[in-house]
Amino acid sequence: MSGLSHALGRQEAGDEVTVIDRQSQVGGVLQSNKIDGYLVDYGANTLSLRSKKIADYLKKYNILEHAIDANLECAKRFIVKQNKIVSLPQGFISFFTSSFLSIRGKLRLGMEPFLPRLKNNPEDESMGAFVKRRLGQEALDYAANPFIGGIYASRPESLILKHAFPNLQQLEEKYGSVLKGMVKGGMNQEDKLPKTRLISFENGMHELPHRLAKHLQCELLLSCNILEVKRESNGLWTILVESKEKGRVEKKFDEVICTLPSHCLPKIKWHNLDENHLIHVLAEATHPPLALTFLGYKKEQISHPLDGFGFLVPEVEKRKILGTLFSSTLFSNRAPKQKALLTSFVGGERNPELCGLPDDDLISLADSENRELLGIQGKPEFTHLVRWPKSIPLPDHLTTKRLEAATLLKQKNIGLSFSGSHISGAPLPNCLSVT
Ligand SMILES: Cc1cc2nc3c(=O)[nH]c(=O)nc-3n(C[C@H](O)[C@H](O)[C@H](O)COP(=O)(O)OP(=O)(O)OC[C@H]3O[C@@H](n4cnc5c(N)ncnc54)[C@H](O)[C@@H]3O)c2cc1C
């Protein structure tokens, strides 16, 4: 997505562009697959459409008209508390009736607007420290922790607030309180859509890069592995690519925008770069391993109505899965009629070792946790899984150095720049709004 987005931007600016990717199709981690009537997404499951800028971007490429909205029921979200599925409050009244926090936890949270703002916010305050300071330990355990597990397969304590959620930090700075700021509409109001939309596509999320790629009028070299990048003495850049069809071929460019994931950078030979050692700083992004299991059941096997987005598991609940999406509730064509598809996330920073389990063990682990929590009888009729040994680059304590390294490399090597989820941030809107 990052590469395509840059390419389209440059094409519109009148540049002649070549896109090179080692995969046989565009999209990177955005891959979807239809198996036995079940439609599974290996990477992102949804795109959260909050800003006018992203909506306009998708409109410009005639993509928004093909988007499908998540089922309305999906506004409802659940967490696990004391081995039960508990719904999160959706409004002011349900905040008081919901059991997701104890009365004490709710009172502590309710005190937030009256807490003083920090005069000098710690430069590298973690998301965990911020939530505990402003909203209390229980909100950290039962809201922030499962939420970060679901988005980044990580922990709030590992993420640096200003990189992961700069808006939250700004709310405290501007309004003196996160809750007050949210009531007043949050930051960047002029760019906000009246209502956030959660979207995907009829054929899964991979439709997004495929539709974007249709607008490329440039050279698109797929199944081409980049082996070397060399700065020439005349200021040009030579890229050595290898493909099955053509073997090794050199290509010359005035400029190179590298949107390869952080963990792929050391596999490339970089020649004649100034500050070459900084490539290793870029390459060090933390990527927790993650496995996604896809389980299909007959609806009648599941006693929970699956009337929501899915559930997330707080770490204090000591379970093995990070959470489960009710995929066939999210978008109804994800499973055959009268069947349900559950997508569960295993591993992450909490339990990285679980990603190394044999396939059958991973499937039965997810099956047994879902069975217990959702009241499932019998075995799944469909099972599938995907592993991401390096899943999502974290906005953690390494980020400041990484961003500085990218800036310095660009300054010192005219014509070379770095982008991609380890620089822009992993959520899809960050990868898209680069132009
Ligand atoms: C499991 C998972 C779930 C996610 N869920 C969500 C979600 O629900 N919502 C959301 O907004 N975001 C989500 N994300 C994040 C988001 O999907 C990614 O951050 C984003 O798609 C990354 O795009 P990218 O172009 O930066 O990187 P990538 O998609 O990783 O693309 C990098 C490309 O570089 C190519 N490449 C690597 N090395 C070479 C080489 N040597 N030569 C040539 N090509 C090379 C690869 O083939 C790949 O195509 C999720 C990510 C994951 C992994």
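Residues numbered from 1 in each chain as written. Predicted model: local features only at pLDDT ≥ 70, side-chain atom pairs only at ≥ 80, totals over all residues.

Colleague: Account for the overall build of the protein, naming residues and giving values.
Modeller: Within the protein, the secondary structure is distributed over 16 helices and 20 strands. Principal-axis analysis of the C-alpha atoms places the extent of the protein at approximately 70 × 55 × 40 Å. Evaluated residue by residue, the protein yields a buried proportion of 41% over its 435 residues. (Helix = DSSP H or I, 4+ residues; strand = E, 2+ residues; numbered from the N terminus. Buried ≥ 20, exposed ≤ 12 C-beta atoms within 10 Å, placed from the backbone.)

Colleague: An account of the site of the ligand is needed here, citing residue identities and associated values.
Modeller: In the region of the ligand, 32 residues are neighbours, and Ser2, Gly28, Ala44, Ile226 and Leu428 sit closest. Contributing elements (two or more residues each) for the shell around the ligand: α1 (2-12), β10 (225-231) and α16 (428-432). Split by residue class, the shell around the ligand holds 18 nonpolar, twelve polar and two charged. (Near = placed C-beta within 6 Å. Nonpolar A, V, L, I, M, F, W, Y, C, P; charged D, E, K, R; others polar.)

Colleague: Lay out the sheet that holds strand β8 (residues 192-201) in plain terms, naming residues and giving numbers.
Modeller: Two strands in a sheet stick together by hydrogen bonds in their backbones, pointing the same way (parallel) or opposite ways (antiparallel). Spatial ordering of the open sheet is given by β4-β8-β5, a layout of three strands whose pairing is antiparallel. One side of each edge strand has no neighbouring strand; the edge strands of this open sheet are β4 (47-51) and β5 (67-69). The average angle at which neighbouring strand axes cross in this sheet is 45°, direction not considered. Packing against the sheet, helix α2 (residues 52-60) makes contact with β4 and β8, and its axis sits at approximately 115° to β4. (Pairing = 2+ DSSP bridges. Axes fitted to C-alpha atoms, helices over the stretch in contact; angles between N-to-C directions. Contact = placed C-beta atoms within 7 Å.)

Colleague: Give me the packing of helix α5 (residues 127-135) against helix α6 (residues 137-152): which residues, what numbers.
Modeller: One way to put it is that α5 packs onto α6 with a least axis distance of 8 Å and a crossing angle of 145°. Where α5 crosses over α6, the two elements pack in a sense that is right-handed. Contact with α5, carried on its side by Met127, Gly128, Val131, Lys132 and Leu135, involves Gln137, Ala139, Leu140, Ala144 and Ile148 of α6 and no other residues of that element. (Left-handed = near helix turned anticlockwise from the far one by under 90°.)

Colleague: Describe the domain arrangement of the protein, naming the residues involved and giving the relevant values.
Modeller: The domain boundaries assigned to the protein delineate domain 1 (2-45 + 205-285 + 393-432) and domain 2 (87-189). Summarising the inter-unit geometry, the C-alpha centres of domain 1 and domain 2 are found 34 Å apart. (Domains from an automatic or database assignment.)

Colleague: An account of the nonpolar core is requested, with residue identities and associated values reported.
Modeller: Counting 66 residues, the largest nonpolar core has Ile79, Met127, Ala139 and Val346 as the members making the most contacts within it. For this core, the element with the highest residue contribution is α6, accounting for seven residues. Mapping this core onto the domain boundaries places at least three of its residues in each of domain 1 (2-45 + 205-285 + 393-432) and domain 2 (87-189). Grouped together as the second largest cluster of nonpolar side chains are 23 residues, Val26, Leu58, Leu198 and Met205 included. (Core = buried A, V, L, I, M, F, W, Y, C linked by C-beta atoms within 7 Å.)

Colleague: Provide a residue-level description of helix α13 (residues 359-374), including the pertinent values.
Modeller: Here α13 spans 22 Å end to end across 16 residues, near enough to the 22 Å set by a 1.5 Å rise per residue. What α13 keeps buried is the set Leu362, Ile363, Leu365, Ala366, Glu369, Asn370, Leu373 and Leu374. Down the axis of α13, the buried side of the element spans an arc of 160°, and every buried residue falls inside it. What points out from α13, more than 90 degrees from its buried face, is the exposed set Asp360, Asp361 and Glu372. Phi turns positive one or two residues past the end of α13, at Gly375, with a value near 65°. (Expected span 1.5 Å × (residues − 1). Arc of directions from axis to C-beta.)

Colleague: Could you give an account of the sheet that holds strand β16 (residues 310-312), naming the residues involved and the relevant values?
Modeller: Strand order in the open sheet formed by seven strands is β7-β6-β16-β17-β18-β15-β19, with mixed pairing between adjacent strands. Strands at the two margins of the open sheet, each flanked by one partner only, are β7 (84-87) and β19 (382-388). The sheet shows a mean angle of 25° between the axes of neighbouring strands, taken without regard to direction. In terms of strand pairing, strand β15 (residues 290-298) meets β19 through seven bridges, oriented antiparallel.

Colleague: Describe unusual backbone geometry, with residues and values.
Modeller: Although it is not a glycine, Ala153 adopts a positive phi angle of roughly 55°. When you line up the elements, Ala153 lands in the loop between α6 and α7 (161-164). In this structure, Ser223 takes a positive phi of about 55° despite not being glycine. Among the structural elements, Ser223 can be located in the loop between β9 (219-221) and β10.

Colleague: Mind laying out the pairing of strand β2 (residues 32-35), listing which residues take part and the relevant values?
Modeller: Across four bridges, the pairing between β2 and strand β3 (residues 38-41) is antiparallel. Bridge assignment links Ser32 to a residue of β3, and that residue is Asp41. Joining the antiparallel neighbours β2 and β3 is a turn of two residues, in which Asp36 adopts a positive phi near 50°.

Colleague: Run through the environment of Leu354, naming residues and quoting values.
Modeller: Along the chain, the position of Leu354 falls in the loop between β18 (339-347) and α13. It is 42 Å that separates the C-alpha atoms of Leu354 and Gly415, two residues lying 61 residues apart in sequence. Apart from the residues lying within four places of it in its own chain, the contact partners of Leu354 are Lys320, Val346 and Gly347.

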